[in-house]
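Spelled out, the chains give:
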Amino acid sequence: MQTTIKTRAIPKKTIIIMVLLVLAGIATFFITENGKVKKATRVLDALGYKDIQNVKVYKVLKIENKDTKIQGFRYFVTFKNNETNQECKGYALVDFKKNTAEDISCKDIK
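This section reports on the structure supplied with the text. All of these numbers come straight from a predicted model, not from anything done at the bench.

Looking at the overall build of the chain
The number of helices and strands found in the chain is one helix and four strands. Starting at the N terminus and walking to the C terminus, you meet the elements of the chain as α-β-β-β-β. Computed over its C-alpha atoms, the radius of gyration of the chain comes to 23 Å, more than 25% above the 13 Å expected for a compact globule of 110 residues. Structurally, the chain occupies a C-alpha span of about 75 × 45 × 25 Å along its principal axes. A burial count over the chain gives 17% of its 110 residues as buried. The contacts in the chain between residues at least 6 apart in sequence include a share of 36% that link residues at least 24 apart. Surface accessibility of the chain: about 9,000 Å² in total, with carbon and sulfur atoms responsible for 57%. For the chain, the centre of its 21 positive side-chain charges and the centre of its 11 negative side-chain charges are spaced 15 Å apart.

Structure follows, in structure tokens:
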């Protein structure tokens, strides 16, 4: 006694929509990652790190100064400083009044 179960095929229109959604998701991911790197590079440039490469942004936090209620962003980054040939890591901070701060430590590349 053998029974065959018929399955309904997924319509081509549905497959095309799923593929487009996956491609849109991948494109959105790369655009947001590139935007984070560009913003962090701009903040590092304002801090005096002019010739840098291999900027990686690990985390972006929205912060607020409790005393002044001024909000801003903190970028946790690593990068290579070509001027001093050092590998640097730490965070760069920028608020909405364009004030910048940093806590970046650098060590020589062997």
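Right, picking up where we left off after that structure.
A look at the pattern of salt bridges
Per the stated rule, a full pass over the model turns up two salt bridges. Note that Glu-33 is salt-bridged to Lys-36, the shortest N-O span being 3.4 Å. You can see Glu-33 and its partner Lys-36 sitting in helix α1 (residues 12–47), three residues apart, about one turn around the helix.

Points about the nonpolar core
Ranked by size, the top nonpolar core spans 15 residues in total, and within it Leu-44, Tyr-49, Tyr-75, Val-77 and Phe-79 carry the most contacts. Sorting the residues of this core by element identifies α1, β1 (52–64), β2 (71–81) and β3 (86–95) as the ones contributing at least two each. A total of four residues in this core trace back to one element, the largest contributor, which is α1. Discounting chain neighbours no more than four positions away, the residues touching Leu-44 are Tyr-49, Ile-52, Val-77, Phe-79, Ala-92 and Ile-104.

Notes on the packing of aromatic side chains
Tallying each qualifying case throughout the model produces five aromatic pairs. Ring geometry for Phe-73 against Phe-96: centres 5.8 Å apart, planes inclined by 80°, an arrangement best described as edge-to-face. Residue Phe-73 is found in strand β2, and its partner Phe-96 is found in the loop between β3 and β4 (100–108); the two are separated by 23 residues along the sequence. Relative accessible area serves as the criterion here: at 28%, Phe-73 is assigned to the partly exposed category. For the ring pair Phe-76 and Tyr-91, a centre distance of 5.9 Å and an interplane angle of 55° mean the geometry is tilted. With Phe-76 in strand β2 and Tyr-91 in strand β3, this residue pair connects regions lying 15 residues apart in the sequence.

Details of the environment of Lys-36
Overall, Lys-36 belongs to the partly exposed group, its relative accessible area being 31%. Sequence-wise, Lys-36 and Lys-69 are 33 residues apart; in three dimensions their C-alpha atoms are separated by 24 Å. When residues no more than four places from it in sequence are discounted, the contact partners of Lys-36 are Val-57, Val-60 and Tyr-75.

Details of the pairing of β1
Two strands pair when backbone bridges link them, and β1 and β2 are joined in this way by 10 bridges, in the antiparallel orientation. Within the sheet, the bridge partner assigned to Gln-53 lies in β2 and is Lys-80. Between the end of β1 and the start of β2, which pair antiparallel, lie six residues, with Lys-69 showing a positive phi angle near 60°.

Scoring rules and cut-offs
- Residues numbered from 1 in each chain as written.
- Predicted model: local features only at pLDDT ≥ 70, side-chain atom pairs only at ≥ 80, totals over all residues.
- Heavy atoms only, no water.
- Helix = DSSP H or I, 4+ residues; strand = E, 2+ residues; numbered from the N terminus.
- Rg over C-alpha atoms; globule rule 2.2 N^0.38 Å.
- Buried < 20%, exposed > 50% of the residue type's maximum accessible area, 1.4 Å probe, protein only.
- Contact = heavy atoms within 4.5 Å.
- Areas by Shrake-Rupley, 256 points an atom, 1.4 Å probe, with all protein chains shown as cover.
- Lys, Arg positive; Asp, Glu negative; His and termini not counted.
- Charge placed at Lys NZ, Arg CZ, Asp CG, Glu CD.
- Salt bridge = Lys/Arg side-chain N within 4 Å of Asp/Glu carboxyl O.
- Core = buried A, V, L, I, M, F, W, Y, C linked by side-chain atoms within 4.5 Å.
- Phe/Tyr/Trp six-rings, centres within 6.5 Å; stacked < 30°, edge-to-face > 60°.
- Pairing = 2+ DSSP bridges.

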